[in-house]
Amino acid sequence: MKKNILILCTGNSCRSQIAEGWMRFYAKDKANVYSAGIETHGVNPKAIATMKEVGIDISSHTSNHINEYKDIQFDFLITVCDHAKENCPYFPSDAKRFHHNFSDPSKKQGTETEIWQAFAETREEIRTYCENFVNQEVN
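In the annotation of an unreviewed UniProt entry, the entry for the protein chain reads Arsenate reductase (Arsenical pump modifier), and the organism field reads Leptospira biflexa serovar Patoc.

Encoded structure:
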């Protein structure tokens with residue numbers, strides 16, 4: 001049976017979108033993967049671009065609010081930033097909960113090259129986490 005995975009961040013614009021892309025890539029047909037925020041900020045164009053660099057298209061992703069998924073029974077809930085973990089409204093679920101505070105490339109200050117490097121580094125950090133998660137929890 002497919003597992004239901006919810007990835008939660010503050011604005012569902014960057015880290016959770018990248019994680020959704022990687023989780024879908026690694027879990028393939030073994031999981032239904034969703035991402036949401038405690039707010040919605042739209043999908044960050046640089047998140048879309050950094051994933052495109054590695055051949056994963058997240059351009060059709062939408063920024064969703066956690067309340068949109070209250071009727072789905074999740075097996076796993078993963079928070080990808082401290083703010084979401086600390087400020088998430090009560091979300092009734094028997095889901096197994098995980099947390100990893102990934103660096104936020106959208107907050108990076110510096111040259112355009114430094115900002116793109118931050119996105120690539122976060123993308124790869126999330127890639128490793130998602131690959132390990134699927135191997136340990138989903139397979």
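(A) Molecular detail of the overall build of the protein chain. Within the protein chain, the secondary structure is distributed over 4 helices and 4 strands. The secondary structure elements of the protein chain, listed N-terminal to C-terminal, are β-α-β-α-β-α-β-α. Considering only C-alpha atoms, the protein chain reaches an extent of 45 × 30 × 25 Å along its principal axes. Per-residue burial over the protein chain gives 47% buried out of 139 residues. In the protein chain, the share of contacts with a sequence separation of at least 24, taken over all contacts with a separation of at least 6, comes to 73%. Charge-centre separation for the protein chain: the mean point of 16 positive side chains lies 3 Å from the mean point of 19 negative side chains.

(B) Region of the structure containing unusual backbone geometry. Even without a glycine there, the phi angle at N12 is positive, about 50°. Tracing the chain through its elements places N12 in the loop between strand 1 (3–9) and helix 1 (15–27). Residues other than glycine seldom take positive phi values, yet K28 does so here, at roughly 50°. Tracing the chain through its elements places K28 in the loop between helix 1 and strand 2 (31–37).

(C) Layout of the sheet that holds strand 2. Taking strand neighbours across the sheet as the criterion, the 4 strands line up as 2-1-3-4 in an open arrangement whose pairing is parallel. Sheet topology places strand 2 and strand 4 (96–99) at the edges, where each strand pairs with a single neighbour. Shown here is a sheet whose adjacent strand axes are inclined to one another by a mean of 20°, direction ignored. Packed onto the sheet, helix 1 meets strand 1, strand 2 and strand 3 (76–79) and runs at close to 180° relative to strand 2. Against the sheet, helix 4 (residues 112–138) touches strand 1, strand 2, strand 3 and strand 4, its axis set at about 160° to strand 3.

(D) A look at the packing of aromatic side chains. Tallied over the full model, the rule gives 12 aromatic pairs. Relative to F74, the ring of Y34 has its centre 5.4 Å away and its plane inclined at 85°; by these criteria the two rings are edge-to-face. One end of the pair, Y34, is in strand 2; the other, F74, is in the loop between helix 2 (45–52) and strand 3, with 40 residues separating them in the sequence. Since its relative accessible area comes to 22%, Y34 is described here as partly exposed. Judged by relative accessible area, which is 2%, F74 ranks as buried. For the pair F76 and F133, a centre-to-centre distance of 5.2 Å together with 85° between the ring planes defines the contact as edge-to-face. Of the two residues, F76 sits in strand 3 while F133 sits in helix 4, which places them 57 residues apart along the sequence. As far as the burial class goes, F76 and F133 line up, both buried.

Conventions used here
Throughout, a residue's number is its position along its own chain's written sequence, starting from 1. For a predicted model such as this one, the threshold for reporting local features is a pLDDT of at least 70, and the threshold for listing and counting side-chain atom pairs is 80 or more; totals across whole chains, interfaces and linings nevertheless cover every residue. Water and hydrogen atoms were dropped before computing side-chain values, which therefore reflect all heavy atoms in the structure. Counting from the N terminus, the helices are the DSSP runs of H or I reaching at least four residues and the strands are the DSSP runs of E reaching at least two. Throughout this description, buried means an accessible area under 20% of the type-specific maximum (1.4 Å probe, protein chains only), exposed means over 50%, and partly exposed covers the range between. Whether two residues touch is decided by their heavy atoms; if any such pair falls within 4.5 Å, the residues are in contact. Working convention for charge: Lys and Arg count positive, Asp and Glu count negative, and His plus the chain ends are omitted. To locate a charge, the coordinates of NZ of Lys, CZ of Arg, CG of Asp or CD of Glu are taken. Strands were regarded as paired on the criterion that DSSP finds at least two bridges between them. For helices, the axis comes from a line fit to the C-alpha atoms of the stretch in contact; other axes are also lines fit to C-alpha atoms, and the angle between any two N-to-C directions lies between 0 and 180 degrees. Between rings of Phe, Tyr and Trp, where Trp is taken as its six-membered ring, a pair exists when centres lie within 6.5 Å; planes separated by under 30 degrees are stacked, by over 60 edge-to-face, and by other angles tilted.

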